[in-house]
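An overview of the molecular structure
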Amino acid sequence: FLIAGVVALFITNRVTRSFSLISDKMKEVNLGRTNEEIIWGRDDEIGELIAEYNKMVNKLEASASALAKSEREGAWREMARQVAHEIKNPLTPMKLSIQFLQRSIDNNSGNIKELTANVAKTLVEQIDHLSKIAFDFSQFANIGNTNPVRFDLKEVLHPLTDLYQMNDSVDIKTEGLTPGIFLHTDKTQLNRLFTNLFQNAMEANTLNEKSRIEVKVSKGNGVIRIGIKDNGDGIPTEMQPHIFSPNFTTKTSGTGLGLAMCKGIVEKAGGKIWFETIQGKGATFFVELPLDS
């Protein structure tokens, strides 16, 4: 009985270790990386189970590759659709203006010089709009290309607050912005981030009163938090889930890439961005970034 018990224990441990190996490998299965096959040298029942597991891993990897390809193609199709839509908007008034000028020339109108000047002005405005569209999409596509450097947060925020303070229709106040708050990320992209947030805060005020922007900086637990509060109408409940989605905008013009770009910049820097809003009392956007010691 003792010998039989020892043999049974040995066999049980061997089988248990085999299943433990399979269980551990299954726990490590992840769509985001290459999953390793299990090497098994014996041709037994467990070997058949492992062979089926290896087949499943190979099929999973093929499915993940196909899914990733489909997502990339879908993203490019959506981006192409949005670019075409945005470009079409300024092209329409440009075409109508030129057609109107052509008809006036054919009819020998007496105010050709004045009409030409008006058409030229319209064309310049729409070309500027096209340039902005191209710039926005270019910047959105280049979020992943970063050049991290060590710098003081005040080097970015202070010039921006001074610039907006020069605008008579804007009253901007800062709190907690002191020297010695060092970050290690792309300085140009961070400047773009806060420029977008300040611009949104200024444009949030749709009433005929002065735009008030409050910037509050606070440190804690190895991170720096920057809050940017406006005195706008707040963000409607139905729009809140889509605020950081590409191509979504609450404005009558624009590509809708501003806040999506902000989210991408912050996440690339290892931080996070969110907002708090009260209907009729404005919104506050928070940016949290890791400090560089």
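Residues numbered from 1 in each chain as written. Predicted model: local features only at pLDDT ≥ 70, side-chain atom pairs only at ≥ 80, totals over all residues. Heavy atoms only, no water.

Side note on the environment of D168
Using the following cut-off: Counting from the N terminus, the helices are DSSP H or I runs at least four residues long and the strands are E runs at least two residues long.
Looking at the secondary structure, you find D168 in the loop between α4 (154-165) and β2 (170-175). Between the C-alpha atoms of D168 and S211, which are 43 residues apart in sequence, the distance is 9.4 Å.

Describing the pattern of salt bridges
Operational definition: A pair is scored as a salt bridge if a Lys or Arg side-chain nitrogen falls within 4 Å of a carboxyl oxygen belonging to Asp or Glu. Classification of residues uses two cut-offs on accessible area relative to the type maximum, computed with a 1.4 Å probe and protein chains only: under 20% is buried, over 50% is exposed, and between them is partly exposed.
A complete count under the given rule lists five salt bridges for this structure. A salt bridge links R225 to E288, with the shortest nitrogen-to-oxygen separation between them at 2.9 Å. Here the residue R225 occupies a position in strand β5 (residues 223-229), and E288 occupies one in strand β7 (residues 283-290), the gap between them amounting to 63 residues. One salt bridge connects K263 with E267, and the closest N-O pair in it is separated by 2.6 Å. With K263 and E267 both in helix α6 (residues 258-268), this residue pair falls four residues apart, about one helical turn. Owing to a relative accessible area of 29%, K263 belongs among the partly exposed residues under this scheme. Salt bridges sharing partners connect three or more residues here, namely R225, K272 and E288.

Some points on the packing of aromatic side chains
Counted only if it meets this: Each Phe, Tyr or Trp ring, with Trp reduced to its six-membered ring, pairs with another whose centre is within 6.5 Å; inter-plane angles below 30 degrees give stacked pairs, above 60 give edge-to-face pairs, and intermediate values give tilted ones. We call a charge positioned over a ring when the NZ of a Lys or the CZ of an Arg lies within 6 Å of the ring centre and within 35 degrees of the ring normal.
Counted under the stated rule, the structure contains five aromatic pairs. Taking 5.6 Å as the distance between ring centres and 40° as the angle between the ring planes, the aromatic pair formed by F275 and F285 counts as tilted. Highlighted residues: F275 in strand β6 (residues 272-277) and F285 in strand β7, separated in sequence by 10 residues. Classification of F275 as buried rests on a relative accessible area of 17%. Taking relative accessible area as the criterion, F285 reaches 9% and is therefore assigned buried. Ring pairing ties together the aromatic residues F244, F275 and F285, which thus form one cluster. Over the ring of W274 we find K272, and its NZ or CZ is 5.6 Å from the ring centre.

Focus: the sheet that holds β7
To keep it simple, the criterion reads: Strand pairing is assigned whenever DSSP identifies at least 2 bridges connecting the two strands. For every element, the axis is a line fit to its C-alpha atoms; helices are fit only across the contacting stretch, and the angle between N-to-C directions ranges from 0 to 180 degrees. Pairs of residues are marked as contacts when any of their non-hydrogen atoms sit within 4.5 Å.
The sheet built from five strands is open, its strands ordered β2-β4-β5-β7-β6 with mixed pairing. A single partner strand is all that each edge strand has here, and the edge strands are β2 and β6. If you compare each strand with its neighbour and ignore which way they point, the axes differ by 15° on average. The sheet contact formed by strand β4 (residues 211-220) and β5 spans seven bridges and is antiparallel. If you follow G220 over to β5, its bridge partner there is V223. Where α4 meets the sheet, its contacts fall on β2, β4 and β5, and the angle it forms with β2 comes to roughly 155°.

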